[in-house]
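Understanding the architecture of this molecule
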Amino acid sequence: MPRPRPPYPAIAGLFGKPTIINNVETLANVPDVIRLGAAGFGSIGTASSKGTKVFALSGKVLRTGLVEVPMGTTLREIVFGIGGGIPGGNRCKAVQIGGPSGGCIPEDQLDVEVDYESLKTLGAMMGSGGMVVTDEKTCMVDLAKYFMEFIQSESCGKCIPCREGTRQMLETLRAITRDRKKESDIDSLLRFQGVLHLERLARNIRDTSLCGLGQTAPNPVLSTLRWFRAEYEAHIFERSCPAAVCRALSAFVITPDLCSGCGVCIRACPHGAIVGEKKKPHSINPELCEKCGACVVKCRFEAIRTIPAAEDLRTRGDNVKVMS
Amino acid sequence: MIQVEINGRAVEARENETILEVARRAGCNIPTLCHVENLPPSGACRMCVVEVEGSRALIPSCAYPVSAGMKVKTHTSRVLEARRTIAELLLANHPNDCTHCARNHKCQLQDLSAELGVRDSAYVAERQEKKLDISSPSIVRDPNKCILCGRCVRVCEEVQGVSAIDFVGRGSKTTIGTAFNQGLNVSSCINCGQCIVVCPTAALTEQSHVARVVQALNDPGLTCVVQHAPSISVTLAEEFGAEAGSDVNGKMVALLRRLGFKKVFDTSFSADLTIMEEASELVQRITTGGTLPMMTSCSPGWTKFVEQFYPEFIGNLSTCKSPQQMLGAVIKSYFAQRENLDPKKIYSVAIMPCTAKKFEAGRPEMEGNGVPDVDAVLTTRELADLIRMYGLSLDGVEAETADNPFGTRSTAGKLFGASGGVMEAAIRTAHYLLTGKELAELKVEAVRGMEGRKEAKLTINGVTVGVAVVNGLGKAHELFDEIRSGRSDLHFVEVMTCPGGCIAGGGQPIGTDLAKVRKRMQVLHQIDRQEGLRTSHGNPEIRELYEKFLGKPLGERSHKLLHTHYHERDVLR
């Protein structure tokens with residue numbers, strides 16, 4: 001369990017004695033400092049962040065792995081130069097930096113020179129050095145939810161804001177990405193209440209938590225809210241996931257040009273939601289579709305995909321009943 | 001001394017003091033939930049956060065030392081919003097049953113929510129109904145009401161050295177539990193109830209005997225008698241809003257009669273009786289080479305502690321029953337005989353500062369011919385509940401005196417309520433037994449006070465007698481370590497389970513703090529200073545009891561009624 005500081009470990013740590021705690025990465029820099037000398041080592045990097053930094057490059061990028069770059073390298077160089085860019089010709093959406101409690105940096109900010117200060121200014125942090133590249137098929141609300149799940153299960157439970165607060169934040173994210181068919185009036189009210197208080201809650205968790213985990217726990221939400229607020233609004237007000245990732249807020253549709261009319265999906269659908277004649281493009285009845293995805297797995301022609309719920313509504317026209 | 005600024009006002013502070021200590025001294029009350037006086041800060045609840053100039057985040061004042069020139073703001077809108085958010089988060093996860101909660105009006109979460117102006121919680125959490133632990137004869141645990149502040153865990157471990165409960169699981173699934181999640185009754189819990197006193201909510205409460213006492217009082221076939229422990233008269237008034245340190249002995253006796261008790265006896269009388277037996281036992285052990293140091297056995301938390309943690313020292317425990325059990329035994333023998341009552345038709349209630357007394361009353365050894373010595377034990381808190389339930393109050397009655405034959409006490413017996421009191425009373429009588437003379441100075445200053453461990457060397461008849469006084473069982477571990485590693489200069493050791501003695505027992509009013517305990521102790525010492533009958537052997541009713549019924553201390557009848565035995569206890573830990 002974390003304990004309050006001061007005293008810091010350097011004053012009273014293990015067995016109450018002064019203790020220095022270092023990451024392996026810090027120690028790995030020592031040979032370079034010795035080899036190059038202080039001035040030599042200091043000449044690498046930026047004015048305030050010296051030396052190199054190892055990133056764990058992953059996500060929607062061609063070449064993944066550990067990359068070591070001098071401090072001050074731009075994110076664009078790392079993602080598009082070293083990483084080789086985004087596969088499948090997709091557009092980069094954002095880069096998530098610093099591990100679960102880090103933050104997202106949107107594509108139009110990728111020319112930033114990476115060091116401790118610049119990342120902080122953009123609402124991210126160096127953190128663990130994790131670097132996850134996302135493309136347009138990534139839902140930022142879903143991404144925030146994924147990281148909040150991680151943080152919530154990592155919370156030790158000692159201090160109240162982290163223990164109870166991260167749980168509330170996660171519940172709010174779940175509520176806005178959930179299917180609302182069975183939602184009662186009070187649930188809708190609570191969902192809106194949760195959304196209204198999300199930023200206040202995040203601020204107070206950050207301000208009052210005992211250790212670094214809690215103090216940075218709201219970052220996934222705060223940072224995605226900062227750069228991708230429109231996506232949150234689409235989820236909340238339009239009940240639609242623009243990236244068509246959150247299933248409850250997406251629609252399953254069959255692309256007629258790709259569908260061979262083989263009937264595999266009709267047999268795979270446990271809800272009888274797919275109709276169509278043999279050798280003619282099939283279609284999905286949205287009233288019956290439970291969005292389980294069984295058809296997507298079975299289709300050999302990649303003819304079934306998800307589209308944002310809002311787009312589905314628009315294409316189907318005015319005869320669709322809108323439920324609030 | 002250094003200067004700091006709190007809310008714009010200059011305040012003097014000592015280095016290493018926390019912001020919380022300095023602010024509270026300056027009359028600025030910062031709320032806390034996890035803070036426990038005299039224990040290292042835990043920093044868990046974050047309720048005490050303040051703004052410190054130059055710091056980005058809010059600072060937990062309970063754990064942060066002041067420094068020269070520090071500028072602190074304790075109630076800014078940012079701070080208040082943070083505190084309110086924490087309270088709301090807790091309420092989201094807390095049952096909404098304040099109206100019929102055991103701690104209604106005595107709940108820190110309730111008080112704090114009111115103080116912070118929480119009118120509605122913005123948050124809702126899905127709560128899983130958790131099972132109550134009602135297995136213990138003394139303590140009920142309701143995990144649904146637990147806010148995980150950890151005060152109980154720290155008191156159990158750091159003050160009492162027992163560690164019967166700890167955090168189980170992690171994150172939002174954390175609970176407080178016992179070893180292997182078994183009932184408290186099979187754990188190493190010593191039933192002291194210190195966890196109840198520090199619990200901010202109703203997650204820990206005493207196993208209530210109020211209902212069964214009300215039932216007995218209304219049963220025409222039963223004769224209800226009551227005894228009250230030495231410390232009750234100096235704490236009961238606090239339950240009715242009085243300042244700590246008010247002695248309401250006479251009014252309490254009157255109220256007990258109004259409740260319907262046929263006889264009101266004083267446990268301080270049987271404390272005198274205990275001293276007669278215990279001092280005789282000590283003299284016998286010293287003069288015949290018995291097991292030394294002899295250790296007191298009045299505190300049932302302590303005796304269970306020895307039985308489970310230090311069974312090799314069971315022989316050191318005095319075989320005397322506690323005053324509660326001694327009085328219970330003579331009520332159902334001597335008193336029953338005298339009044340021509342069937343012991344089975346006597347319902348004997350004890351008012352105690354203690355939850356472990358409930359456990360003690362239920363020990364199988366504590367009976368005579370199949371009839372329990374004591375039938376029900378009410379804590380100070382439960383007595384106050386009962387008085388309120390019957391529409392009574394301290395204001396409405398005039399003081400009355402206790403009943404005979406067990407109503408006269410010496411101040412030595414009354415001193416049992418505070419740490420050092422048993423020792424002081426025993427020294428007075430042991431000196432008399434050994435020399436035939438009274439001590440020139442009855443007051444034994446060295447064993448008084450709030451120190452966790454006190455020691456003294458006395459010379460009686462040319463023999464040097466070493467005595468030690470321990471309160472708070474964490475300190476008992478230290479003493480046992482010393483004795484195990486060969487220390488042999490001690491003859492008599494008094495141990496009280498709770499820090500400060502029974503005046504700070506687990507059955508005492510919620511909100512007990514060190515300052516209140518000191519005041520309660522002062523009153524007991526004042527009573528000893530002001531009254532004439534100051535030795536147990538000088539108590540005429542005690543003499544009468546021996547003459548008419550018991551014979552002599554350590555005699556056959558005493559042995560049967562007033563002494564007991566202890567046994568090694570296997571507990572989960």
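Residues numbered from 1 in each chain as written. Chains lettered and ligands numbered in written order. Predicted model: local features only at pLDDT ≥ 70, side-chain atom pairs only at ≥ 80, totals over all residues. Heavy atoms only, no water.

Before going further, it helps to examine the interface of chain B and chain A. If you look at the interface, chain B gives 36 residues, while chain A gives 30 residues. The contact between chain B and chain A buries some 2,900 Å² in all, and 52% of this surface belongs to carbon and sulfur atoms. In this structure, the connection of chain B to chain A is made through three salt bridges. Across the contact surface, chain B and chain A share 19 residue pairs in polar contact (both at pLDDT 80 or more). Among the elements that line the side of chain B that touches chain A, the one with the most residues is helix H2 (residues 77-92) of chain B, at nine residues. Tallied by class, residues from the side of chain B that touches chain A come to 21 nonpolar, eight polar and seven charged. (Contact = heavy atoms within 4.5 Å. Buried area = accessible area lost by both parts, 1.4 Å probe. Salt bridge = Lys/Arg side-chain N within 4 Å of Asp/Glu carboxyl O. Polar contact = N/O pair within 3.5 Å; in protein donor to acceptor, adjacent residues only side chain to side chain. Helix = DSSP H or I, 4+ residues; strand = E, 2+ residues; numbered from the N terminus. Nonpolar A, V, L, I, M, F, W, Y, C, P; charged D, E, K, R; others polar.)

Bringing the sheet that holds strand E2 (residues 9-13) of chain B into the picture now. Residues and elements named next belong to chain B. The strand order across the open sheet built from five strands is E2-E1-E5-E3-E4, with neighbouring strands paired in mixed fashion. A single partner strand is all that each edge strand has here, and the edge strands are E2 and strand E4 (59-60). In this fold H2 packs onto strand E3 (49-52) and strand E5 (71-73), with an angle of close to 160 degrees to the strand it touches most, E3. (Pairing = 2+ DSSP bridges. Axes fitted to C-alpha atoms, helices over the stretch in contact; angles between N-to-C directions.)

A word on the packing of aromatic side chains. Residue and element names in this part refer to chain B. Per the stated rule, a full pass over the model turns up 13 aromatic pairs over all chains. When the ring of Phe305 is compared with that of Phe309, the centres are 5.1 Å apart and the planes differ by 80 degrees; the resulting orientation is edge-to-face. Of the two residues, Phe305 and Phe309 are both situated in helix H10 (residues 300-309); the distance of four residues between them amounts to about one turn of the helix. Judged by its relative accessible area of 0%, Phe305 falls in the buried class. Here Tyr334 and Phe406 contribute two aromatic rings whose centre-to-centre distance is 6.1 Å and whose plane-to-plane angle is 55 degrees, an arrangement assigned as tilted. Here Tyr334 is found in helix H11 (residues 323-339), whereas its partner Phe406 is found in the loop between helix H13 (380-389) and helix H14 (411-414), with 72 residues between them in sequence. (Phe/Tyr/Trp six-rings, centres within 6.5 Å; stacked < 30°, edge-to-face > 60°. Buried < 20%, exposed > 50% of the residue type's maximum accessible area, 1.4 Å probe, protein only.)

This part covers the pairing of strand E4 (residues 103-106) of chain A. Residue and element names in this part refer to chain A. Burial along E4 is two-sided: Gly103 and Ile105 facing one way and Cys104 and Pro106 facing the other are all buried. One ladder, built from four bridges, connects strand E3 (residues 92-97) with E4; its direction is antiparallel. Pairing of Ala94 across the sheet is with Pro106, part of E4. Between the antiparallel neighbours E3 and E4 lie five residues, among them Gly98 with a positive phi of about 105 degrees.

Here we come to unusual backbone geometry. With omega at -5 degrees, the peptide bond leading from Leu292(B) into Pro293(B) counts as cis. You can see Pro293(B) is positioned in the loop between helix H9 (267-288) and strand E12 (294-295). The amide bond that connects Asn404(B) to the next residue, Pro405(B), takes the cis arrangement and shows omega of 15 degrees. Considering the arrangement of structural elements, one finds Pro405(B) in the loop between H13 and H14. Of note, Lys279(A) is a non-glycine position whose phi angle comes to about 65 degrees, a positive value. Counting through the fold element by element, Lys279(A) comes out in the loop between strand E7 (274-275) and strand E8 (283-284). With relative accessibility at 73%, the residue Lys279(A) sits in the exposed group. One non-glycine residue, Glu302(A), lies in positive phi territory at about 50 degrees.

To continue, consider the packing of helix H6 (residues 185-208) of chain A against H2(B). At a minimum axis separation of 10 Å, H6(A) and H2(B) run at an interaxial angle of 105 degrees. Between H6(A) and H2(B), the angle falls in the class roughly perpendicular. Listed contacts from H2(B) to Arg200(A), Leu201(A), Arg203(A), Asn204(A), Asp207(A) and Thr208(A) of H6(A) are Arg78(B), Glu81(B), Ala82(B), Thr85(B), Ile86(B), Glu88(B) and Leu89(B). Across the contact of H6(A) with H2(B), the residue classes tally to four nonpolar, three polar and six charged. (Parallel < 35°, antiparallel > 145°, perpendicular 65-115°, else oblique.)

All names here are of chain A. Taken as a whole and judged by the stated rule, the model has 57 salt bridges over all chains. One salt bridge in this structure joins Arg178 and Glu171, with 2.9 Å as the shortest N-O distance. For Arg178, a relative accessible area of 39% gives the class partly exposed. Residue Glu171 is classed as partly exposed on the basis of its relative accessible area, which comes to 32%. Between Glu233 and Arg229 there is a salt bridge, and its shortest N-O distance comes to 3.9 Å. With a gap of four residues between them, Glu233 and Arg229 both fall in helix H9 (residues 229-238), about one helical turn apart.

Residue and element names in this part refer to chain A. Orientation of H6 relative to helix H8 (residues 219-227), taken along the N-to-C sense of each, is 135 degrees, at an axis distance of 10 Å. On the basis of the axis angle, H6 is oblique to H8. In this structure, the crossing between H6 and H8 has a hand that is left-handed. Side by side, H6 and H8 meet where Leu198, Glu199, Ala202 and Arg206 of the first sit next to Val221, Leu222 and Leu225 of the second. Classifying every residue of the contact of H6 with H8 by side-chain character gives five nonpolar, no polar and two charged. (Left-handed = near helix turned anticlockwise from the far one by under 90°.)

Residue and element names in this part refer to chain B. Taken as a whole, this structure holds nine cavities of 30 Å³ or more when the rule is applied. In this structure, the largest cavity spans a volume of roughly 270 Å³. Forming the boundary of the largest cavity are 24 residues, of which Cys298, Ser299, Pro353, Lys357 and Cys502 lie nearest the centre. Elements that contribute at least two residues to the lining of the largest cavity include exactly H9, H10, H11 and helix H12 (356-361). Across the lining of the largest cavity, the residue classes break down as 16 nonpolar, seven polar and one charged. (1 Å grid on protein atoms, 1.4 Å probe; cavity = no way out; pocket = protein on both sides within 12 Å on 5 of 7 lines; lining within 4 Å. Points joined across faces, edges and corners; volume = space filled by probe spheres on them.)

Of all residues in chain B, 100% have pLDDT values of 70 or greater, and the mean over the chain is 96. Prediction confidence for the complex, expressed as pTM and ipTM, is 0.92 and 0.88 respectively. (pLDDT = per-residue confidence, 0-100.)

Roughly 1,400 Å³ of internal volume is contained in the second largest pocket. Considering the residues around the second largest pocket, the lining is formed by 48 residues, among which Met125(A), Gly212(A), Gln215(A), Thr216(A) and Arg56(B) are closest to the centre. Looking at the lining of the second largest pocket, the elements that each hand over two or more residues are helix H1 (24-42), strand E1 (52-59), helix H3 (116-121), H6, helix H7 (212-216) and H8 of chain A together with E4 of chain B. Sorting elements by how many residues they give to the lining of the second largest pocket places H1(A) first, with six residues.

All names here are of chain B. With respect to the element layout, Cys320 can be found in the loop between H10 and H11. Between the C-alpha atoms of Cys320 and Val447, which are 127 residues apart in sequence, the distance is 21 Å. The residues touching Cys320, leaving out its near neighbours within four places in the chain, are Thr274, Glu277, Glu278, Glu281, Ser297, Met326, Leu562, His563, Thr564 and Tyr566.

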